[in-house]
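Structural description and commentary
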Amino acid sequence: AGGPARLTATGLTAGYGQATVLHDVDLELHAGQVLAVLGANGAGKSTLAKSLAGMIPIRSGTVSLDGAPIDQLSSFQRVRKGLALVPEGRRLFADLTVRENLELGVGARSTHQSLDRIHELFPKLTELSGRAAGALSGGEQQMVAIGRALASEPKVIVFDELSLGLAPVVVDRLLEAVDEIAAWGTAVVLIEQNVHRALALADEALVLRQGRVVFRGDPAAFSDEALRLAYLGTD
Ligand code: ATP
């Protein structure tokens, strides 16, 4: 695809307190592409998600959206520019209704059309509209969290551990939705524990090990051997 990538990160380094967790991460993602981010527990996947979304400051490097730097912007400003996060653990307002949670995602970029589109993607949310988010099943809550992110009509959406704790049939449904969201032209960063499912969906894979990129490329070229190295680190 010509022109600047939708999302670019170069030399991304980030951490917490004294600890540097992510080292020199580069990535590039175009409209409609899915990037699967894989790695063992503690490899830095969530830290990457938070760095991209502005939930934690970066130490060095750049993050750009359509060629313009966004790394100095707050997470809220990044949402307005078109980068939304579906956080690990969903972080809904349990006492608010589904509709209220969705409306919280409605920013300057949003229209009624985006809410219509969310209800087309997840028809179930229409019937659950008046229910408290905290009373829903895990899968339903994840639909609300995805819907909330989509309400801002993002150009880039980052999913952090989308399927954590959910039944396989629910995971399948959510990953179908991810595929559909990408087909709309959204660039997708998919942090996912179901490695084989994520690779089946992805246009590109990125593997982190101890906070560094150890593989970036075609998911089809991603052999079991590469997986073993990434996860077990016995090279
Ligand atoms: P997991 O699948 O376990 O969530 P991950 O690949 O998402 O793993 P991160 O959550 O990014 O990994 O964590 C990477 C490292 O950063 C770990 O060593 C973790 O202990 C550390 N870390 C994560 N969050 C914090 C925090 N808020 N403060 C300090 N250290 C943290």
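Residues numbered from 1 in each chain as written. Predicted model: local features only at pLDDT ≥ 70, side-chain atom pairs only at ≥ 80, totals over all residues. Heavy atoms only, no water.

The final tally for this structure, using the stated rule, is six salt bridges. For D66, the salt bridge goes to R6, with nearest N and O atoms at 2.9 Å. Of this pair, D66 sits in the loop between β4 (60-65) and β5 (68-69) while R6 sits in the segment before β1 (7-16), placing them 60 residues apart in sequence. Overall, D66 belongs to the partly exposed group, its relative accessible area being 29%. Linking K155 and D66 is a salt bridge whose minimum nitrogen-to-oxygen distance equals 2.9 Å. Of this pair, K155 sits in the loop between α6 (138-150) and β7 (156-160) while D66 is found in the loop between β4 and β5, placing the two residues 89 residues apart along the sequence. Since its relative accessible area comes to 24%, K155 is described here as partly exposed. Three or more residues are tied together by salt bridges with common partners; here these are R6, D66 and K155. (Salt bridge = Lys/Arg side-chain N within 4 Å of Asp/Glu carboxyl O. Helix = DSSP H or I, 4+ residues; strand = E, 2+ residues; numbered from the N terminus. Buried < 20%, exposed > 50% of the residue type's maximum accessible area, 1.4 Å probe, protein only.)

This paragraph deals with the site of the ligand. Near the ligand, the surroundings consist of Y16, V21, A40, N41, G42, A43, G44, K45, S46, T47 and E161. N41 is positioned such that a nitrogen or oxygen atom in its side chain is 3.2 Å from an oxygen atom of the ligand. A distance of 2.7 Å is found between an oxygen atom of the ligand and a backbone nitrogen or oxygen belonging to G42. The element that contributes the greatest number of residues to the shell around the ligand is helix α1 (residues 45-53), accounting for three residues. Of the residues contributing to the shell around the ligand, the split by class is four nonpolar, five polar and two charged. (Near = heavy atom within 4 Å. Polar contact = N/O pair within 3.5 Å; in protein donor to acceptor, adjacent residues only side chain to side chain. Nonpolar A, V, L, I, M, F, W, Y, C, P; charged D, E, K, R; others polar.)

Those residues of helix α4 (residues 112-121) lying buried are S114, L115, I118 and L121. For α4, the arc enclosing every buried residue in end-on projection is 120°, short of the 170-degree limit, so these residues lie on one face. Exposed side of α4, more than 90 degrees from the buried face: H112, Q113 and E120 are the residues found there. (Arc of directions from axis to C-beta.)

Turning our eyes to something else, we now look at the sheet that holds β4. Across the sheet, which stays open at both edges, the four strands sit in the order β2-β1-β4-β5 with antiparallel pairing between neighbours. Every interior strand has two partners, whereas the edge strands, β2 (19-29) and β5, have only one. Taken strand by strand, α1 contacts β1, β2 and β4, and its axis lies near 115° from that of β1. (Pairing = 2+ DSSP bridges. Contact = heavy atoms within 4.5 Å. Axes fitted to C-alpha atoms, helices over the stretch in contact; angles between N-to-C directions.)

Looking at the element boundaries, L125 is found in helix α5 (residues 124-127). Residues L125 and G147 lie 22 residues apart in sequence; the distance between their C-alpha atoms is 8.9 Å. Contacts of L125, omitting those with residues within four sequence positions, involve V98, I118, H119, E140, M143 and V144.

Residues L83 and L85 line one face of strand β6 (residues 83-86) and the alternating positions A84 and V86 line the opposite face, and both faces are buried. The pairing of β6 with β7 spans four bridges and is classified as parallel. When the sheet's bridge partners are listed, A84 is paired in β7 with I157.

Glancing now at the pairing of strand β3 (residues 34-38). For β3, the tally of buried residues reaches five of five residues, placing the bulk of the element in the interior. Burial of β3 is two-sided: the residues V34, A36 and L38 facing one way and the residues L35 and V37 facing the other way are all buried. In this structure, β3 lies alongside strand β8 (residues 187-191), joined through four bridges in parallel fashion. Following the sheet pairing, V37 is matched in β8 by I191. Of the pairings in the sheet, the one linking β3 to strand β9 (residues 204-209) comprises four bridges and is parallel in character.

Turning next to the sheet that holds strand β10 (residues 212-217). One key point about sheets: their strands pair by backbone hydrogen bonds, in either a parallel or an antiparallel sense. The six strands are arranged β6-β7-β8-β3-β9-β10 in an open sheet whose pairing can be described as mixed. The sheet is open, and its two borders are formed by β6 and β10, each paired with just one other strand. Neighbour to neighbour, the strand axes of the sheet diverge by 15° on average, direction disregarded. On top of the sheet, helix α7 (residues 168-183) reaches β3, β7 and β8; it is set at about 155° to β8, its chief contact.

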